[in-house]
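Structural features, examined
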Amino acid sequence: MSKEKAYTEVAISLPVDRSFLYSIPERLGASIEVGKRVLVPFRGRRVTGYVLGFPRTVELTEIKEIIDILDEESLFSKNLLRFFSWVADYYFFPLGEVLKTALPGGINIESYQQISLTQKGKEARETLDSKCLRARILDRIAEANRSSLRQILKRFSGKEAHHSLYCLKSEGLISLDLRLSSPKTRPKMETVAILREEDPAPVVIREMKERAPGQWRLYQMLKEQKRMSLSQLTRELRSATSCLKRLEQRGLVSLVTQEAYRSPLFEQEVNRDSPHHLTHHQRKALEQICQGLRSQNFSPFLIYGITGSGKTEVYLQAITEVLSSGGEALVLVPEISLTPQLISRFRARFGDGIAVLHSGLSEGERYDEWRRIKRGEVKITIGARSAIFAPLENLRMIIVDEEHDNSYKQEERLKYNARDLAVLRAKLSRGVAVLGSATPSLESYHNAVKGRFKLLKLPERIGESTLPPVELVDLKEDKRKRGESISPRLREAINANLASGGQAILFLNRRGFAPFVLCRECGYVFTCPNCSVSLIYHSRERELICHYCNYSLPAPTFCPNCKGVQVELLGLGTERLEEEIKRSFPEARATRMDRDTTTRKHAHQMILERFNKGEVDILIGTQMVTKGLDYPNVTLVGVISADFSLNFPDFRASERTFQLLTQVAGRAGRGKAAGKVIIQSFNPEHYSIQFARQHDYQSFYNQEISQRKELFYPPYCRLVLIKISGNSEDRTKGMAEKLGRSFQKWLREKSEYAQNIQVLGPAPAPRSKIRGRHRWQILIKGKNPRYLHYYVKEVIGKSLSENLSKEVKVEADFDPRSMM
């Protein structure tokens, strides 16, 4: 083994913020490479690590050896490692955890402690009091036979359980053995029947026809297809397995086992299409994107195209240019619900050479799609935010559709923004980044105004359609009956739309039946014991449910506070709206699309297919229905309440309101028939609603950007939101206050930073308790990103090293999209 590969730097797939050195045994030296996974010893365990490189000089004396190499081929290249390392550094997240996030789930090997009873422990079960904790732990271990220590601690939580286990081990009643878990996800293998070239003798053919019709049918199918999988044949004939064995005995087929991909695509045929004729503005945009591709330099573009202006066709023809030069393209969409319609468009143009990556896939499907991409078997990848980590080695273009959408921001663990990473990844690969939206984020449009992005405008709808007129209904003056959410004007429009054969979309950005439940006698509101939010009533389940932690309780018949029976359901959700629509318009075929109705696989696609076929007259939904949907028969859009997003305690509330209203309004009038939009609001005079009514993004941008500048908010600064959470309210508050003092002290000591940085807080988060954890936060503003990152990492790093309590968690959310 060469001296260059005597040692390796390894990132561990655990929340540790540095890499570790391991020595390479001679037996593994020839096969170890950057990007491969290795099994390594770590703090008494065996864990999966990732090879980062091979340092030439090592100062340490005692270095542990790698146990084994887990991959035949590298899982990521040095170029991708550069990207992952940037992500880890920028978002202040361990590199090993970034790599684990980027790779398919379920492939790692980890060690665990298996717990079992010794002979002495089996005998002790007979003498211990069955009600005591130690006896119950021993009983559970005996019943489960082979349990992990983690499973037992999950069943018996608390310090007393930990102490009891320690005593049981010390007394020799239980034993702990280190075991390795098997990967949850593996390649799928299937049996394939292959027809042999030799024709059967006439007597064999006659015998199959007369006495073995099943064998004859399979033989005829294989004669046409040459090879078919057992699963395909079984769908045609139940007895396929026994028939195939007999055909194999006759020497007519060969049965082989081979790897098979699990397809995530919903089974449906698509009609192939050809490139559409482009408008003048589309052609101009495409030409500039193609120039960027041919330049072989980083070229970022922002397509600001009104709804229905043909952005997708520009994407398709730009990708054709990428494929013609042998490159690869990545297309990001914000919602899983947008994926089926977009995939259909892409399959119609490019066939089935497309990979799909999103959270709705099973681990096996995601693993197979990832391997197809890694092997270069597909050139186009479509997916939600996590697809930004796809292993594309010849990436020439990244498209971010609906780039303004908050769904591109991951809120848990690795808090990355896929839109921002798309621009970075295009830069690292010297490729093209195309951000597209009818309502660009202020940050992206500001970048275009300042010349950082090239602005491409699509100001007109394609074909004969025009932007629909928008009518506002002031709910303060509306004469609705008690308990009704539909104004007389909207009711009249729905009736007229049904009579003319048009389809309607009704938008309400709140799911469930009633957002809170109130006792009329004492004012008691049913709230979640784990979260500082009210419980939502869901009529189908007849339960009150917390949308944050899933805590639930049966629908109450009396108040637990005063025992009164005047319990009332207040407010409006999509479930209640659906009930009202079906009651008010019994002849209409109405359906609902929100998180509650789309939990099953392919549920999004099945709902939208029914809508596309005209089997649904009224589609009711949350923000799933506000973007990307293109159905020419939608002639009415109704917004039930424009005020929900407007009243959020967030500086982006006006921007989100404008985006939601403009996007959902854009679903109407995309065909030959004219469309109409009706927006109900208690604040119709608000500028975000007024500019949405006028479809006037530029005026909205001008007003909003002036306020951002005055208040020193993005894009005029960068933000870091420090989140402090813990089970103890006092300890969480104490840690937040300690961090706040540390941030202020550092600024006093470093005057050059104080000129560029502002610290707001600490203060309780707007939702001060979620999933049983109390929450505080500190908001930090800064002009210079480098100063800001260094400042935050220095203060947090020092504070965490002195952290008085491990029960309190501190996280830094760089470029947060939510202040909640």
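Everything discussed here concerns the structure shown above.
What counts and how
- Residues numbered from 1 in each chain as written.
- Predicted model: local features only at pLDDT ≥ 70, side-chain atom pairs only at ≥ 80, totals over all residues.
- Heavy atoms only, no water.
- Phe/Tyr/Trp six-rings, centres within 6.5 Å; stacked < 30°, edge-to-face > 60°.
- Helix = DSSP H or I, 4+ residues; strand = E, 2+ residues; numbered from the N terminus.
- Lys NZ or Arg CZ within 6 Å of the ring centre and 35° of its normal.
- Core = buried A, V, L, I, M, F, W, Y, C linked by side-chain atoms within 4.5 Å.
- Buried < 20%, exposed > 50% of the residue type's maximum accessible area, 1.4 Å probe, protein only.
- Contact = heavy atoms within 4.5 Å.
- Pairing = 2+ DSSP bridges.
- Right-handed = clockwise from strand over helix to strand, strands pointing away.
- Salt bridge = Lys/Arg side-chain N within 4 Å of Asp/Glu carboxyl O.
- Axes fitted to C-alpha atoms, helices over the stretch in contact; angles between N-to-C directions.
- Parallel < 35°, antiparallel > 145°, perpendicular 65-115°, else oblique.
- Expected span 1.5 Å × (residues − 1).
- Arc of directions from axis to C-beta.

**Here we look at the packing of aromatic side chains**
Given two aromatic rings, their pairing is described by the distance between the two centres and the angle made by the two planes. Scanning all chains against the criterion turns up 26 aromatic pairs. For the pair Y304 and Y445, a centre-to-centre distance of 6.1 Å together with 90 degrees between the ring planes defines the contact as edge-to-face. Here Y304, found in strand β12 (residues 299-305), pairs with Y445, found in helix α16 (residues 442-449); they are 141 residues apart in sequence, far enough to count as distant. Between Y445 and Y701 the ring centres are 4.8 Å apart and the planes differ by 65 degrees, which places this aromatic pair in the edge-to-face class. One end of the pair, Y445, is in helix α16; the other, Y701, is in helix α22 (residues 697-711), with 256 residues separating them in the sequence. Members of the aromatic cluster, each reached through a chain of ring pairs, are Y304, Y445, F658, Y687, Y697, F700 and Y701. Here the guanidinium or amino end of R425 rests over the ring plane of F83, the centre of that ring lying 5.5 Å away. The ring of F644 carries R510 above its face, with NZ or CZ at 4.0 Å from the centroid.

**Overview of the nonpolar core**
Counting 112 residues, the largest nonpolar core has F84, I388, I722, I724, F743, I780 and Y791 as the members making the most contacts within it. Sort the elements by how many residues they give to this core and helix α1 (residues 78-90) lands first, with 7 residues. Other than its neighbours up to four places away in sequence, Y791 contacts F743, Q744, W746, L747, Y753, I757, V759 and I780. Formed by 32 residues, the second largest nonpolar core is a distinct cluster that contains L316, V356, I380 and V432.

**Here's the deal with the pairing of strand β29 (residues 676-681)**
Of all 6 residues making up β29, 5 are buried, and the element is well covered by its neighbours. In this structure, strand β19 (residues 470-474) lies alongside β29, joined through 5 bridges in parallel fashion. By the bridge assignment, E471 is partnered in β29 with I678. Bridge count for strand β28 (residues 634-639) against β29 is 4 bridges, and the pairing is parallel. Each bridged residue has a counterpart across the sheet, and for L636 the counterpart in β29 is K676. Each parallel crossover has a hand, and for β28 linked through helix α20 (residues 653-665) to β29 it is right-handed.

**Description of the pattern of salt bridges**
Two side chains bearing opposite charge may form a pair once their charged atoms approach each other closely. Evaluation of the coordinates by the stated rule reveals 46 salt bridges. Between K793 and D89 there is a salt bridge, with the nearest N and O atoms lying 3.4 Å from each other. Note that K793 is positioned in helix α25 (residues 785-801) and D89 in helix α1, a separation of 704 residues in sequence. The closest approach of N and O atoms between E579 and R583, which form a salt bridge, is 3.7 Å. With E579 and R583 both in helix α18 (residues 574-584) and 4 residues apart, the pair spans about one turn of that helix.

**Let's talk about the packing of α16 against α22**
Where α16 meets α22, the axes come as close as 11 Å, and the angle between the chain directions of the two elements is 95 degrees. Compared by their axis directions, α16 and α22 come out roughly perpendicular. Contact residues: L442, E443, Y445, H446 and V449 in α16; Y697, Q698, F700, Y701, E704, I705 and R708 in α22.

**Things to note about helix α11 (residues 280-295)**
Under the 1.5 Å per step criterion, the end-to-end length of α11 is 23 Å for 16 residues, consistent within 8% with the ideal 22 Å. Taken together, the buried positions of α11 are Q282, A285, L286, I289, C290, G292 and L293. Projected onto a plane normal to the axis of α11, the buried residues spread over an arc of 155 degrees and lie on a single side. With respect to the buried face of α11, the exposed residues turned more than 90 degrees away are H280, Q291 and R294. Q296 lies just past α11 and shows a positive phi near 60 degrees.

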